[in-house]
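# Remarks on the overall topology
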Amino acid sequence: MNSKRIRHLLLAACCALPVAALAGLVPPKPGQPVSTNYDIGYQDGFTAGTQNGREQCHNDPASCSIYLSNVLPDAQYGETEPNDTGISADPMTQHVNFWGQSYSQTDQDWYYLVTPEQNYNLTLNFSLPEATGNDLSGWNISVRNAIGMTLAEFETGFTTVEYANSGISYRTTLGLSGTYYIVVRPTEGQFSYQPYNLAVAIEPSPFDGPNFAGGFADAEVEPNNVPAESSRIAQGVTMYGLVNLQFESAICTATECTYGQDEADWYIYRSQGNEILQLAFCDRNQCSPGDWFVQVFDLPTADAIQNQGVNPDNAQPLMAFNTDTTSSTEDGTSLADVWQLGLQARGPYFIRVGHKRTLQAPCIQWTLDSDSNGIPDSYPGSCACTSGEPVCTIDIADPTGNTTQLIWPSCPDGSEGGASSLCPVSCVCIDQSCSLYQTDSDGDGLPGPNPQPCRCLPERTTLSCGVTVANPGTPMTAPGTIEANCLCSNTSGVVELPENEVSAQYNFTLTTSAFGSP
């Protein structure tokens, strides 16, 4: 009801109630002669008093016991804002008009009802109580299931009606027992502040067949990392899962180390046999970027994985595929990957979803593999790869003692020694024409001590140069050396994710259909 209409009703009440308030004063009856001054004064006073009383009640209705409730229509059910989502939806009572109003182009009014059993017919009436014409246009009404999936939808202005204040009724069947939502929102470009009425009624449908639970959603239950912990799948119910990133162990190659992502999600579906199984990834909701490896196993293979320690990656699946949901359409939405598999035998089937991606892990500690068999020795930190690569080759003492080598002392200037039998010295010119040269072992620019002939090129123009001479010391005999591998044994605890590579939630829907032929 608008404010102008309420103001007029209040004014009418103010004009009427003073007469009742002055019930002890009775005006002269019509046609009664006014014969005395008393009668004339009585009539004049009654008229003036009535006018004054009306003005008083007009200016202060409460002084005359006039309140807003005196002039409003009887109360009715109405929406309670905010009711823009399923969480804040208003419960509906059958056969009762609910008053509602859209307050903006984006305003949504959510209502809900509950069906006690499957297959109930819903009758929905929409009307405009203050409309005087036959046009109901301006609203979109949808019926949705418990997760908000639209089951039926219509525009109120798709046709004209005889009276808009009587409205129009729509019918649909609600297939399952449970909660259903009715959503009223303005039609784009046709927003109106006009209030509306919404009424519903439900009754059992004569159809008593089973219904398909399409459109609902479920989520994996962790832990489900082995077949015995599998999350159960129902047909048509979208399953949401997340393969968790792991950083406990790293896998190293000759060029890099990566964290192994071996956490997998297991699901179980019980087939009636002789049917086609369809797996659709990202068919209900858009997936964020991700990459998963999917395998389908029968019961004997899943049992071998569970109880005999068979590696799932080495087991023989009924079907295996990699789904890459990073591909998208022109509008940026991800493309659904759909796969089909025929199931002949009745019984349980297992679906394993694993993460394909591995993440780089820098090596910070190495361990010697002295026999180069790919297995590190017992003492971490016993070697290092200087350039940071996860695997490198180094020389170590021969642990068998089958080979020997000479170890030379350091040269007079403190350099070299070890496996080298030569020492660096200077070769200096000893005559004016620089045709003769001798070694300078102590680096003072003069030959000696114990000078030896040497030569610099080109002669006669070069005053000195560097040459090598035999190490004057006495070598020692030591075990020989062999080549061995140095393997990465510890990776950094800080992980830097590559750009645009993040873990993401996936969703898939399992449906089945009978074989086309026996």
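For the structure itself, consult the block above.
Anyway, here's the lowdown on the structure attached to this text. Every chain is numbered independently, its residues counted from 1 as its sequence is written. Where totals are concerned, whole chains, interfaces and linings use all residues; where local detail is concerned, this predicted model gives features only for residues with pLDDT of at least 70, and gives and counts side-chain atom pairs only at 80 or more. By convention in this description, side-chain values take in all heavy atoms of the structure and omit both hydrogens and water.

## Here's the deal with the overall build of the protein
Looking only at helices and strands, the protein has three helices and 33 strands in total. Within the protein, buried positions represent 36% of all 518 residues. For every accessible area listed, the method is Shrake-Rupley and the probe measures 1.4 Å; residues are considered covered only by the protein chains on display. By element, 52% of the accessible surface of the protein is carried by carbon and sulfur atoms, the whole surface being about 29,300 Å². Counting from the N terminus, the helices are the DSSP runs of H or I reaching at least four residues and the strands are the DSSP runs of E reaching at least two. Partly exposed describes any residue whose relative accessible area lies between the buried limit of under 20% and the exposed limit of over 50%, with all areas from a 1.4 Å probe on protein chains only and scaled to the type maximum.

## Concerning the environment of C287
Considering the arrangement of structural elements, one finds C287 in the loop between β17 (275-281) and β18 (291-298). On the accessibility criterion, C287 (4% relative accessible area) is buried. Sequence separation between C287 and F508 is 221 residues, and the spatial gap between their C-alpha atoms is 9.8 Å.

## Side note on the state of the cysteines
Here, the term disulfide refers to a pair of cysteine sulfur atoms separated by no more than 2.5 Å. What the rule picks out here adds up to eight disulfides. In this model, C411 is linked to C423 through a disulfide, with the two sulfur atoms separated by 2.0 Å. On the sign convention where negative is left-handed, the bridge of C411 and C423, at about -90° about the S-S bond, is left-handed. Here C411 is found in the loop between β26 (404-407) and β27 (422-429), whereas its partner C423 is found in strand β27, with twelve residues between them in sequence. Considered together, C411 and C423 belong to a single accessibility category, that of buried residues. The disulfide bridge from C429 ends at C434, spanning 2.3 Å between sulfur atoms. Across the disulfide from C429 to C434, rotation about the S-S bond amounts to roughly -115°, and the bridge is consequently left-handed. Overall, the relative accessible area of 4% leaves C434 in the buried class.

## Points about the environment of Y103
Mapped onto the secondary structure, Y103 falls in the loop between β3 (98-100) and β4 (109-115). Overall, Y103 belongs to the partly exposed group, its relative accessible area being 40%. Taking the C-alpha atoms as reference points, Y103 and F191, separated by 88 residues in sequence, lie 8.8 Å from one another. Dropping the residues within four chain positions of it, Y103 is found in contact with E79, E81, F191 and Y193. In this description, contact between two residues means that some pair of their heavy atoms is separated by no more than 4.5 Å.

## With respect to a nonpolar patch on the surface
Two distance rules govern patches: like charges are joined within 9 Å, and nonpolar side chains (Val, Leu, Ile, Met, Phe, Trp, Tyr) within 5 Å, applied only to residues with over 30% relative accessible area and no salt bridge. Within this document, salt bridges are pairs made up of a side-chain nitrogen of Lys or Arg and a carboxyl oxygen of Asp or Glu, the two lying within 4 Å of each other. A cluster of nonpolar side chains, contributed by I147, M149 and L151, occupies part of the molecular surface with about 240 Å² of accessible area. Look at L151 and you get partly exposed, because its relative accessible area is 44%.

## Notes on the sheet that holds strand β15 (residues 257-259)
One requirement defines pairing of two strands: DSSP has to find at least two bridges between them. Across the sheet, which stays open at both edges, the three strands sit in the order β14-β15-β22 with antiparallel pairing between neighbours. Where the open sheet ends on each side, the last strands, each with one partner, are β14 (250-252) and β22 (359-360). Relative to β22, β15 is paired through two bridges, and the arrangement is antiparallel. Across the sheet, residue Y259 finds its bridge partner in β22, namely L359.

## Quick word on unusual backbone geometry
Looking along the chain, the bond that leaves E81 and enters P82 is cis, with omega of -5°. With respect to the element layout, P82 can be found in the loop between β1 (77-78) and β2 (90-91). Cis peptide bonds are those with omega within 30 degrees of zero, and the linkage from L457 to P458 qualifies with -10°. Turning to its location among the elements, P458 is positioned in the loop between β29 (453-454) and β30 (464-470). If you check the backbone angles, N119 has positive phi at about 60° while not being a glycine.

## Some words on the nonpolar core
As used here, the term nonpolar core means buried Ala, Val, Leu, Ile, Met, Phe, Trp, Tyr and Cys residues forming a set that is joined through side-chain atoms within 4.5 Å. By size, the foremost hydrophobic cluster in this structure holds 29 residues, and its most contacted members are F126, I182 and L198. When neighbours within four sequence positions are excluded, I182 is seen to be in contact with M92, D109, W110, Y111, L113, L122, L124, I141, S142, L198 and V200. Core analysis: the second largest hydrophobic core is formed by 23 residues, M239, M319, L343 and Y506 among them.

## Some details on the packing of aromatic side chains
Aromatic pairing here means that ring centres of Phe, Tyr or Trp (its six-membered ring) are within 6.5 Å. Orientation follows from the plane angle: under 30 degrees is stacked, over 60 is edge-to-face, and everything else is tilted. Applying the stated criterion across every chain yields a total of 18 aromatic pairs. For the ring pair F98 and Y111, a centre distance of 6.0 Å and an interplane angle of 75° mean the geometry is edge-to-face. Taken together, the residues F98 in strand β3 and Y111 in strand β4 connect sequence positions 13 residues apart. F98 gets classed as buried once you look at its relative accessible area, which sits at 3%. Its relative accessible area of 0% is what places Y111 among the buried residues. Taken together, the ring pairs connect Y267, F281, W292, F321, W339, Y506 and F508 into an aromatic cluster.

## Digging into the pairing of strand β33 (residues 506-514)
Relative to β33, strand β13 (residues 238-241) runs antiparallel, the two sharing three bridges. Among the inter-strand pairings, Y240 is bridged to a residue of β33, identified as N507. Here β17 pairs with β33 via seven bridges, running antiparallel. By the bridge assignment, L277 is partnered in β33 with T512.

## Focus on the environment of E188
Among the structural elements, E188 can be located in the loop between β9 (178-186) and β10 (196-204). When its relative accessible area of 74% is taken as the criterion, E188 is described as exposed. Between the C-alpha atoms of E188 and G138, which are 50 residues apart in sequence, the distance is 8.1 Å.

## Thoughts on the sheet that holds β9
Spatially, five strands are ordered β2-β4-β9-β6-β7 in an open sheet, and the strand pairing comes out mixed. Both edges of this open sheet fall to β2 and β7 (150-155), since each of them pairs with a single strand only. As paired strands, strand β6 (residues 139-144) and β9 are joined by six bridges and run antiparallel to one another. Within the sheet, the bridge partner assigned to W139 lies in β9 and is P186.

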